[in-house]
Amino acid sequence: MNEVLDTHLQELRRGTIVLACLQLLRTPGYGYGLLEELERRGFATDANTLYPLLRRLEKQEYLTSEWNTDEARPRKFYRTSDAGIRLADTLTEEWRSLTTAIASLTAEEN
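This one's a predicted model, so the numbers in the text were calculated from it and none came from an experiment. (Residues numbered from 1 in each chain as written. Predicted model: local features only at pLDDT ≥ 70, side-chain atom pairs only at ≥ 80, totals over all residues. Heavy atoms only, no water.)

(A) Highlighting the nonpolar core. In this structure, C21, L34, L50, L53, L54 and L63 are the most contacted members of the largest nonpolar core, which totals 17 residues. The set of elements that each furnish at least two residues to this core consists of α1 (3-24), α2 (31-40) and α3 (47-59). No other element matches α1, which puts six residues into this core. With residues up to four places along the chain from it excluded, the contact list for L53 reads I17, V18 and C21. (Core = buried A, V, L, I, M, F, W, Y, C linked by side-chain atoms within 4.5 Å. Buried < 20%, exposed > 50% of the residue type's maximum accessible area, 1.4 Å probe, protein only. Helix = DSSP H or I, 4+ residues; strand = E, 2+ residues; numbered from the N terminus. Contact = heavy atoms within 4.5 Å.)

Quick look at the structure:
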């Protein structure tokens, strides 16, 4: 792919990763596990993108976190907060509207 296309694809995916994280973290999860789950579901991202995003969403109070020290290696678990659930629901509604709008544009071409 060329650099211009890569830039546009990155911009398109950026917001979808936020929504995917908010949806997936309705069930508590930790960063690496979330990376794997995002990849499995088709939202390829890397740790350098995900971890700052998780910190930002936590700072904005869309995620909560707590440390699990029961295992040999402590892990920070994240969960979507009530505000995050409301945001995810709103973003999902908007995503559905946009999907319908894009579908209507492509249907007109046929």
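(B) Structural view of the layout of surface pockets. Considered as a void within the structure, the largest pocket measures approximately 290 Å³ in volume. Together, L9, Q10, R13, R14, I17, V18, A44, T45, D46, T49, L53 and R56 line the largest pocket. Secondary-structure elements contributing two or more residues to the lining of the largest pocket are α1 and α3. Counting residues per element, the lining of the largest pocket draws most heavily on α1, at six residues. The class makeup of the residues in the lining of the largest pocket is five nonpolar, three polar and four charged. In this structure, the second largest pocket encloses a volume near 210 Å³. Around the second largest pocket, the lining residues are Y30, G31, Y32, Y51, W67, R73, P74, R75, K76 and Y78. At the level of elements, α2 and β3 (75-80) are the ones that each hand at least two residues to the lining of the second largest pocket. No other element matches β3, which puts three residues into the lining of the second largest pocket. (1 Å grid on protein atoms, 1.4 Å probe; cavity = no way out; pocket = protein on both sides within 12 Å on 5 of 7 lines; lining within 4 Å. Points joined across faces, edges and corners; volume = space filled by probe spheres on them. Nonpolar A, V, L, I, M, F, W, Y, C, P; charged D, E, K, R; others polar.)

(C) Expanded view of the packing of aromatic side chains. All told, the structure shown has one aromatic pair when counted by the stated rule. Their ring planes at 65° and their centres at 5.5 Å tell us that Y30 and F77 sit as a pair that is edge-to-face. A residue pair is termed long-range when its members are at least 10 positions apart, and Y30 in strand β1 (residues 29-30) and F77 in strand β3 qualify at 47 residues. Y30 gets classed as partly exposed once you look at its relative accessible area, which sits at 22%. (Phe/Tyr/Trp six-rings, centres within 6.5 Å; stacked < 30°, edge-to-face > 60°.)

(D) Up close: α2. Of the residues making up α2, those classed as buried are G31, L34, L35 and L38. Along the axis of α2, the buried positions cluster into a sector of 105°, meaning they face one direction only. In this fold, the buried residues of α2 make contact with α1, β1, α3 and β3. Looking at the residues trailing α2, positive phi occurs at G42, about 95°. (Arc of directions from axis to C-beta.)

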